[in-house]
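A look at the structure
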Protein chains: 2
Amino acid sequence: MGAIPGLTTVGLLGGGVIGGGWAARFVLNGVDVKLYDPDDDAPRKIGEVLANARRATGKLVMTTLPPEGTLTFEATPEEAATGVDFVQESAPERLELKRELLQRASTTAPADVVIGSSTSGLLPSLLQDGIEHPSRLVVGHPFNPVYLLPLVEICGGAATSAATIERAADVYSSVGMHPLRLAKEIDGFVADRLLEALWREALWLVNDGVATTSEIDDAIRYGAGLRWSSMGTFLVYRIAGGEAGMRHFMAQFGPALHWPWTKLTDVPELTDELLDRIVSQSDEQADGRSIRELEALRDDCLVAVMQGLRSAGFGAGEVVERYDRLLFERSPAAAVGTSGALADPDAPAPIRIYEHVVGTDWIDYNGHVNDSRYMQLSGFGVDAFLSAIGIDADYLATNRTYVTVESHVGYVDQCHAGDHIDVELQLISHDAKRLHVFTWMRRHGSGDLVATAEHMLLHADTKASTTVPAEPHVLEKLDEVAAVHSTLPAPARVGRRVGDKPVRDDNSA
Amino acid sequence: MGAIPGLTTVGLLGGGVIGGGWAARFVLNGVDVKLYDPDDDAPRKIGEVLANARRATGKLVMTTLPPEGTLTFEATPEEAATGVDFVQESAPERLELKRELLQRASTTAPADVVIGSSTSGLLPSLLQDGIEHPSRLVVGHPFNPVYLLPLVEICGGAATSAATIERAADVYSSVGMHPLRLAKEIDGFVADRLLEALWREALWLVNDGVATTSEIDDAIRYGAGLRWSSMGTFLVYRIAGGEAGMRHFMAQFGPALHWPWTKLTDVPELTDELLDRIVSQSDEQADGRSIRELEALRDDCLVAVMQGLRSAGFGAGEVVERYDRLLFERSPAAAVGTSGALADPDAPAPIRIYEHVVGTDWIDYNGHVNDSRYMQLSGFGVDAFLSAIGIDADYLATNRTYVTVESHVGYVDQCHAGDHIDVELQLISHDAKRLHVFTWMRRHGSGDLVATAEHMLLHADTKASTTVPAEPHVLEKLDEVAAVHSTLPAPARVGRRVGDKPVRDDNSA
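Report follows, based on the coordinates. The model shown is predicted, which means the values in this text are computed figures rather than measured ones.

Focus: the pattern of salt bridges
Under the criterion given, the structure shown has 57 salt bridges over all chains. The shortest N-O distance in the salt bridge between A:D39 and A:K45 comes to 3.2 Å. Salt bridges linked by common partners bring A:D41, A:R44, A:E48, B:R292 and B:E295 together as one network.

Re unusual backbone geometry
In this structure, A:P145 follows A:N144 across a cis peptide bond, with omega equal to 0°. The phi dihedral of A:F189 falls on the positive side, at around 50°, and the residue is not glycine. Mapped onto the elements of the fold, A:F189 is located in the loop between β8 (178–181) and α7 (191–207). Overall, the relative accessible area of 0% leaves A:F189 in the buried class. Unlike most non-glycine residues, B:S465 shows phi in positive territory, near 50°. According to the relative accessible area criterion, B:S465 is exposed, its value standing at 65%.

A word on the sheet that holds strand β2 (residues 32–36) of chain A
Read from one edge of the open sheet, 8 strands run β3-β2-β1-β4-β5-β6-β7-β8 (chain A), paired in mixed fashion. The two strands at the open ends of the sheet, each matched to only one other strand, are β3 (71–74) and β8 of chain A. Strand-to-strand twist in this sheet, taken as the mean axis angle between neighbours without regard to direction, amounts to 25°. Where helix α4 (residues 95–108) of chain A meets the sheet, it contacts β1 (9–13), β2, β4 (86–89), β5 (114–117) and β6 (137–142) of chain A, and its direction lies at approximately 165° from that of β5(A). Helix α8 (residues 213–228) of chain B contacts β7 (151–156) and β8 of chain A of the sheet and is inclined by roughly 150° relative to β8(A).

Looking at the state of the cysteines
This structure, assessed with the given rule, holds 0 disulfides over all chains. Left without a disulfide partner, B:C301 is nearest to the cysteine sulfur of A:C301, which lies 17 Å away. What makes B:C301 buried here is its relative accessible area of 0%.

Side note on the interface of chain A and chain B
Residue-level contacts link 185 residues of chain A with 188 residues of chain B. Between chain A and chain B lies a buried interface of about 17400 Å² when both sides are counted; carbon and sulfur atoms form 62% of it. Counting across the interface, chain A meets chain B through 8 salt bridges. For the salt bridge of A:R55 with B:D300, the shortest nitrogen-to-oxygen distance reads 2.6 Å. Between the two partners, chain A and chain B, sit 57 residue pairs in polar contact (both at pLDDT 80 or more). With 19 residues, the top contributor of residues to the side of chain A that touches chain B is helix α12 (residues 291–312) of chain A. Residue composition of the side of chain A that touches chain B, by class: 91 nonpolar, 48 polar and 46 charged. Here strand β10 (residues 400–411) of chain A pairs with strand β10 (residues 400–411) of chain B via 5 bridges, running antiparallel. Across the sheet, A:E406 pairs through a bridge with B:G410, a residue of β10(B).

Quick notes on the side chain of B:D299
Tracing the sequence through the fold places B:D299 in helix α12 (residues 291–312). The residues touching B:D299, leaving out its near neighbours within four places in the chain, are A:N52, A:R55, A:A56, A:P145, A:Y147 and A:L148.

Regarding the packing of helix α2 (residues 42–60) of chain A against α12(B)
Here α2(A) crosses α12(B) at 25°, and the two axes come no closer than 10 Å. Classified by the interaxial angle, the pair formed by α2(A) and α12(B) is roughly parallel. The interaxial crossing formed by α2(A) with α12(B) has right-handed handedness. On α12(B), the residues touching A:E48, A:N52, A:R55, A:A56, A:K59 and A:L60 of α2(A) are B:R292, B:E295, B:A296, B:D299, B:D300, B:V303, B:M306, B:Q307 and B:R310. Tallied by class, the residues present in the contact of α2(A) with α12(B) amount to 5 nonpolar, 2 polar and 8 charged.

Here we look at the sheet that holds strand β6 (residues 137–142) of chain B
Residues and elements named next belong to chain B. The mixed open sheet is built from 8 strands, whose spatial order is β3-β2-β1-β4-β5-β6-β7-β8. Each of the sheet's edge strands pairs with one partner strand only, and the pair in question is β3 (71–74) and β8 (178–181). Neighbour-to-neighbour, the strand axes of the sheet open up by a mean angle of 25°, direction not taken into account. As paired elements, strand β1 (residues 9–13) and strand β4 (residues 86–89) share 4 bridges and run parallel to each other. The residue bridging V10 from the neighbouring strand is F86, located in β4.

Calculation rules
- Residues numbered from 1 in each chain as written.
- Chains lettered and ligands numbered in written order.
- Predicted model: local features only at pLDDT ≥ 70, side-chain atom pairs only at ≥ 80, totals over all residues.
- Heavy atoms only, no water.
- Salt bridge = Lys/Arg side-chain N within 4 Å of Asp/Glu carboxyl O.
- Helix = DSSP H or I, 4+ residues; strand = E, 2+ residues; numbered from the N terminus.
- Buried < 20%, exposed > 50% of the residue type's maximum accessible area, 1.4 Å probe, protein only.
- Pairing = 2+ DSSP bridges.
- Axes fitted to C-alpha atoms, helices over the stretch in contact; angles between N-to-C directions.
- Contact = heavy atoms within 4.5 Å.
- Disulfide = S-S within 2.5 Å.
- Buried area = accessible area lost by both parts, 1.4 Å probe.
- Polar contact = N/O pair within 3.5 Å; in protein donor to acceptor, adjacent residues only side chain to side chain.
- Nonpolar A, V, L, I, M, F, W, Y, C, P; charged D, E, K, R; others polar.
- Parallel < 35°, antiparallel > 145°, perpendicular 65-115°, else oblique.
- Left-handed = near helix turned anticlockwise from the far one by under 90°.

So, in structure tokens, the structure goes:
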């Protein structure tokens, strides 16, 4: 149960950041791990990596992970490679050290067991020199954190067999990775060459006092880094070329290659042949998708990534969050609170607190607005009311807010896309911590009732996870509203239990 | 209403990919745009960018966007800059062309109106030379798509005033961007120098036949690109250094600077002074967070980004999806409620009717799942139950179905993106037309309660808009379930009115 065919046990050489990441990825996929690391502290360090990985991988996948594999520490590389189905080496980037480990492990690993090396840039031909059965050695270069990032570059050396490359790709795929097979052996492979170029330029920027490490990081994570999470440089630039595509982009930015835009000035000649190659490879990569289609795909990815970062509360997610607060503060509903009285003693009535036009994204498979959206509409109204009584960005920044503890919704009529709905709100009761409100959702203009809702909210310190009294200026606003709303009749549906006898549709205020 | 203080109208010079993106960002934020572009086709192209932007921005923010600003096309740069509060130039990267546009616009833009240039790399000192009131010119370099990516690099020239830089930062922030103020004027600024370094290396890789454009893109988007969406290179490397931090990382990978890992071999000398500078800037950037804390933050961001990409069905999201299917195929099949009997008389219990992993698109401005989503989750459970008792596509085709007439939701605990939730359902009562059910939403695995819901549904003919009895085969199924569920205790929260005294959290079945 839970086993990967042909992959019961792996031998790992080295248990640092990368080796520990491999250990975590294999163990979490139900594979037993035999690990060699001369560092006495390795078990503690790997335990911490495994704890991180367990937490993150559990969040990443929907399916329950299989029972974990075992993790045992071996005293020698020979022992770590005994009786295993696959070996992965992740020692520091010193050729002689790696060679020694690989040679020793190759004496005990059965001839048909493939050996992968995590080297960031050393050539596989150099690594396989002198090991037993050199055709089974291949570079499988992963990225930190190994237990989360899918990429593993596969690069064979002069002696590596095709079967070795296939076996390595199968092993890595079986634990959730994306193997990228490289056609040529080259120092740094592909990914690290790109990273190293960017890194060297970044070091120049710090060296020359142009920017700090933090500014350089911001220049990546609020801009190109967001795009690179779903599309590489070539596809991004194809899209940037607009309707005219890749050839246009190259023509437009080709001259920049000779501008001093980086200290890397040894650039390839943009010959017609190179240009043709780039354009035809880019065409193939686009796979028939038009620029407009690619733009929509890019935008969907960017929105999804930024929404994701918003839930993580970091980077561009923070920017979006701030932006949304700004929009909220500028919205007409928020303005209700700032423009004088919320409730007029001379004309007591529920407050028309919010307006919304139903978008197509709220529509169900049957063409109706999904039931849950009435709750969301009412929630918009409640949010606007909270904003109006002083729960603004500054207030929220103190970790205090009202949280809803229960709600009742009565469905009266169906909504469709394009319907313009008003939300009206009546304050039922409140004290220092409690806030009980009732809302009506009505068609704008006719006033026809669509739904009602009733909510109980508690004022809480969200950091301390406990209820606390609201600030005096908020309670003062609530008292003001209560003075007017207490003169209104109770809504017909207030205090309903699910299953109570139907009431007349409460179209009155 | 909805207006940004001091920013009613902007003048835009150039309406290509970047200028069109600016137009969209301003218009969607309720700012009027006056645009000059000599291309007759500009209105069509910008219309398409605006349509993309409207769609994407609507998905990005939770708040309703303000009423859109107007977009008018002007015949000259002078007219585009007349009567506006801010000017942004986005012409092609040709110094003489940009200079001419800026000079002409500067003759009509009032002296205190700031003029930003979108140039990717031309020096602001060169651009401001010869314009009227040169102290109000500043580079504001955005990234494509301008309507989504938050980054804008702000770089002043020799004559730029401090007030100009503050005003530009305010304008960009007010439309949701993240201004990055650069300390020094330099060709390519910061971001494009980094991009250009990577790009030049990428061109070498294609030129030398090492990899195709598609392989190079994969080497980014399945690896480092995922990290760069939330953290830049320096923070990523600090974490890679493990417990020993940035100094250790530099010591470990410093030698690689002299290895042929890129064709950029003109590297800065890693002097003690440069090393100290990097380490101290990196310490400041980490802001007291330990490596373990940073690792957890990194992992949360990576998971959130990959979950986001999964909802977009692209890139690393596809890899995760495939991995999850693999895990599922390897796991003991966990069929939910639909295989055979709905309720087991020998083990009476609520039916586990639905499972759902919360996506990033359910997240609120405060990082929580919006209240209304608990209703939606419960609704998914009810839908699954209806399907299980025979309300299938054929049944629905006869215009009959159950419609919800009222619901009650009790909120117990917050959900976040990635949470895996089970929905359990108990039949409370039913007759020929009525169906009364109660649901629990619990964390998968631990069973911890997140929310409860209660629903009354009526069986209706939706065409005739009247209630009618359900078909006998449906009622038979309900009778079967009732025979088992009637032996269960009533849920503690059933029949609650909003505002009733709190009950203990009902964690029992």
